[in-house]
Amino acid sequence: MGHDIAWAAADGQLDLASADAGLAVLLEACERAVDQLGASHPSAQMRALLIVEQAGSMNLSRLAAALGATASAASRLCDRMELAGLLTRDRAAASRREIVLLPTESGRQLAQSVRESRRAALAAVLREMTPDGQEALVQGLRELAEAQQH
């Protein structure tokens, strides 16, 4: 890839312990930010909502794959999300036999609030870093997101 990578000097391996510690800081900051929203939805529902909202709409099998869950588990999760008013199911325009998941307006608003809170938490963490560290982290996270899209 041609990028400078922080290698542990002793054995030539990536310093995964340090990366894990940094990841824990980011995750904790984001979790606290989401908790402060006071959302009473379980984390599995929030994760599914963010996936569906980001896509705009998707079918159940795509959501199940994105969650790493079975179709039946994803369906039960969607049942609970429908009851909570976070998403709806509708027939796909291209295939009347296919059912698509769509976020409701309140689901879209909640997803947007979660993203804004996470971004604020990330900004707070970044402010504690050097400019070089900030740039490296943002670049690394961007590459990670791009790699997951392929």
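Look up: the structure comes first, before these words.
Reading the values: rules and limits
- Residues numbered from 1 in each chain as written.
- Predicted model: local features only at pLDDT ≥ 70, side-chain atom pairs only at ≥ 80, totals over all residues.
- Heavy atoms only, no water.
- Helix = DSSP H or I, 4+ residues; strand = E, 2+ residues; numbered from the N terminus.
- Rg over C-alpha atoms; globule rule 2.2 N^0.38 Å.
- Buried < 20%, exposed > 50% of the residue type's maximum accessible area, 1.4 Å probe, protein only.
- Contact = heavy atoms within 4.5 Å.
- Areas by Shrake-Rupley, 256 points an atom, 1.4 Å probe, with all protein chains shown as cover.
- Salt bridge = Lys/Arg side-chain N within 4 Å of Asp/Glu carboxyl O.
- Core = buried A, V, L, I, M, F, W, Y, C linked by side-chain atoms within 4.5 Å.

*Asks:* Quick question: what am I supposed to make of the overall build of the protein chain here?
*Replies:* Of regular secondary structure, the protein chain possesses six helices and three strands. Taken from the N to the C terminus, the helices and strands of the protein chain come in the order α-α-β-α-α-β-β-α-α. Against the globule reference of 15 Å for 150 residues, the protein chain gives a C-alpha radius of gyration of 19 Å, more extended than a compact globule. The buried share of the protein chain, reckoned over its 150 residues, is 25%. Taking as baseline every contact in the protein chain between residues at least 6 positions apart, the subset at least 24 positions apart corresponds to 50%. Element-wise, carbon and sulfur atoms account for 54% of the exposed surface of the protein chain, whose accessible area totals about 10,100 Å².

*Asks:* Whenever I open this one, the pattern of salt bridges confuses me. Can you help?
*Replies:* Per the stated rule, a full pass over the model turns up four salt bridges. Note that Arg115 and Glu53 form a salt bridge whose closest N and O atoms lie 2.4 Å from each other. You can see Arg115 sitting in helix H5 (residues 105–127) and its partner Glu53 sitting in helix H2 (residues 43–55), a full 62 residues away along the chain. This pair shows no difference in class: Arg115 is buried, exactly as Glu53 is. Connected through salt bridges with shared partners, the residues Asp79, Glu82 and Arg89 form a single ionic network.

*Asks:* I tried to follow the environment of Cys30 on my own but got confused; where do I start?
*Replies:* One can find Cys30 in helix H1 (residues 16–36). When the C-alpha atoms of Cys30 and Arg62 are compared, they prove to be 25 Å apart, with 32 residues separating the residues in sequence. For Cys30, the contacting residues outside a window of four places in its chain are Arg118 and Ala121.

*Asks:* Mind showing me how you'd approach the side chain of Ser117 here?
*Replies:* Relative to the elements of secondary structure, Ser117 occurs in helix H5. Using a relative accessible area of 16% as the deciding quantity, one classes Ser117 as buried. Leave out the neighbours within four places in its chain, and Ser117 touches Ala33 and Leu37.

*Asks:* Is there a simple way to explain the nonpolar core in this structure?
*Replies:* Nonpolar side chains tend toward joint burial in soluble globular proteins. Grouped together as the largest cluster of nonpolar side chains are 19 residues, with contacts concentrated most on Leu63 and Met81. Among the secondary structure elements, those contributing two or more residues to this core are H2, helix H3 (60–67), helix H4 (71–83) and H5. Those residues within four positions of Leu63 in sequence are excluded, and the remaining contacts are Ala48, Ile51, Val52, Met58, Cys78 and Leu101. With five residues, the next largest nonpolar core counts Leu26, Ala29, Ala33 and Ala121 among its residues.

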